Amino acid sequence: MDGFSQHLSDDDPPPGGVSAPEGLNKTAGQYAGQYAGQHLGQHQSSRPLSSQRAAKTSFATALQTTVSFVIATFSKEIQQQQLYYHNLDHVEGVAERALLIFDTVLPFAMAEINAEIDWDRQRGLLYLCAIAHDMRQIFSPQTEPHAPRTRQKGQSELVTVQHLVNFIQQNNPAAVASLSQTDNPMSRFTAADIRFITEAIEATICQYDPTDGAIYQPALYPSDSRHSGQANNESVKELSISARCLALADIGTLGISGIEAYRHEGRLLLIEENLDILAFLQDRSAFDASYCESLRQRLLRRAKFEVMFAKGRLARLERELQGFPEGAIAPLKNNIFKHLTPATIQAIEKITPTQSDTTLETLIDYFQLTSTVERRPRL
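Residues numbered from 1 in each chain as written. Predicted model: local features only at pLDDT ≥ 70, side-chain atom pairs only at ≥ 80, totals over all residues. Heavy atoms only, no water.

Details of empty space enclosed by the protein
Stated formally: Cavities and pockets were defined on a 1 Å grid built from protein atoms only: a cavity is a group of points that admits a 1.4 Å probe but offers it no way out, a pocket is an open group of points flanked by protein on both sides within 12 Å along at least five of seven lines, and a lining residue is one with an atom within 4 Å of any such point. Grid points are joined across faces, edges and corners, and a volume is the space filled by probe spheres set on the points. Numbered from the N terminus, helices here are DSSP runs of H or I no shorter than four residues, and strands are runs of E no shorter than two. Polar here means any residue other than Ala, Val, Leu, Ile, Met, Phe, Trp, Tyr, Cys and Pro, which are nonpolar, and Asp, Glu, Lys and Arg, which are charged; Gly is therefore polar.
Counted under the stated rule, the structure contains two cavities of 30 Å³ or more. Estimated volume of the second largest cavity: approximately 50 Å³. If you trace the second largest cavity, you find it lined by L248, I251, G252, L254, G255, R313, L317, F337 and L340. For the lining of the second largest cavity, the secondary structure elements donating two or more residues are α9 (253-257) and α12 (289-320). Counted by class, the lining of the second largest cavity contains six nonpolar, two polar and one charged residues.

Pasting the structure below:
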């Protein structure tokens, strides 16, 4: 038996003794079954049909085992790091949005790209990357008790990639030569799959642009040295379609799901990065006026940031969609990122308190902090 077959069946719990939350575990199991059947049978190659089915079914098993590993690892990380935003609900949403973008682009990609690409396999790998992309969260050491938690740019994503790749390599045949004559190398993770996983997860790395106060992903700007971080004379590879789907899905809540979903994510991220808010809400009398003013300033900065982030998403959408086939851009703008409009930005500006004299109570009410903490999200 290879390493993957020594792991789990569809009915077993994830490795490590941690049971995945019912919703996500069901999603992983259902998807693997669909992947082996309906989805992996859409685009036929020149191999005999029986060989295709065997390879795809076997790869689906390897895929689900890896997803189960990710869920188990991530579940521990969520509990240990108190991740209010980067949790199972978030990656489920990213997976749903990424596949929505992918399925919208796919007909145009198949028609316009003159390359033999296994789109079914890429869809499965995209799902894995969406579920795994936040598996590890690395915070910088805190030097002050009431300071926000911070992360170094790209560190969490790079550690996530290494953790995931290590698992795959430890449970995957080392090389095609190690397979039996009846085994098809495409039934397991390949070197190309590893490159895909690395590219897709690293594409979610975000950066702040001080020129417009926006958050963006440098991987979406390969030809722009200012955004990509590369020197002008360096050659930068264009991001693959699937990796672009994941990047846009990760920060695409406002455009795809609208204002309320955007605000909900914002307050969860606020709590995750400012855990001292929990203690403050439990017993305000334990905190002095200096702390209250410091907290007010933090909440005010966050409110202003939500407006700037939304503006940046609208302003950058056209440029960030350019890596997709030309025919897919209009459907993406009109049907998928349908909430990214000037009217949406105006609505956000209208409801968001950004005046310098906004009170702490007003900001707490705006972010719905009390009710959000009481409805403790799925950690």
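After presenting the structure, the write-up continues.
Details of helix α13 (residues 326-336)
To be explicit about the condition: Think of it in three bands: residues with accessible area under 20% of the maximum for their type are buried, residues over 50% are exposed, and the middle band is partly exposed, with areas taken using a 1.4 Å probe on protein chains only. Contact definition: two residues touch when any of their heavy atoms are within 4.5 Å.
For α13, the set of buried residues is A328, I329, P331, L332 and I336. If you follow the buried residues of α13, they end up packed against α3 (88-112), α9 and α12.

Points about the nonpolar core
In a soluble, globular protein the nonpolar side chains are often hidden away together inside. Stated precisely, the cut-off is as follows: What we call a nonpolar core is a set of buried Ala, Val, Leu, Ile, Met, Phe, Trp, Tyr and Cys residues that are connected through their side-chain atoms within 4.5 Å.
Grouped together as the largest cluster of nonpolar side chains are 75 residues, with contacts concentrated most on I101, F189, I197, F324 and F337. Discounting chain neighbours no more than four positions away, the residues touching I197 are L125, L128, C129, L164, I168 and F189. Core analysis: the second largest hydrophobic core is formed by 20 residues, L278, L281, L299 and A303 among them.

Quick look at the packing of aromatic side chains
Which entries qualify depends on this criterion: Ring geometry is summarised as follows: Phe, Tyr and Trp rings, the Trp one being its six-membered ring, pair when their centres sit within 6.5 Å, and such pairs are stacked at plane angles under 30 degrees, edge-to-face over 60 and tilted between the two.
One pass over the full model with this rule turns up ten aromatic pairs. Here F69 and F167 contribute two aromatic rings whose centre-to-centre distance is 3.9 Å and whose plane-to-plane angle is 5 degrees, an arrangement assigned as stacked. Note that F69 is positioned in helix α2 (residues 49-81) and F167 in helix α5 (residues 155-170), a separation of 98 residues in sequence. Judged by relative accessible area, which is 13%, F69 ranks as buried. The buried category is assigned to F167, whose relative accessible area is 7%. When the centroid spacing of 5.6 Å and the interplanar angle of 70 degrees are considered together, the rings of F280 and F287 count as edge-to-face. For F280, a relative accessible area of 2% gives the class buried.

Some remarks on α3
Worth spelling out the cut-off: Multiplying 1.5 Å by the residue count of a helix minus one yields the expected span of that helix. Distance and chemistry together define a polar contact, namely a pair of N or O atoms within 3.5 Å, with one atom able to donate a hydrogen and the other to accept it when in protein, and with adjacent residues in sequence counting only for side-chain atoms on both sides.
In this model α3 runs 35 Å from its N-terminal to its C-terminal C-alpha over 25 residues, within 8% of the 36 Å that 1.5 Å per residue would give. Capping of α3 at its N-terminal end is provided by N87; its side-chain oxygen lies 3.2 Å from the backbone amide nitrogen of D89.

Details of unusual backbone geometry
One non-glycine residue, Q82, adopts positive backbone phi at about 50 degrees. One can find Q82 in the loop between α2 and α3. Judged by relative accessible area, Q82 falls into the partly exposed class, the value being 32%.

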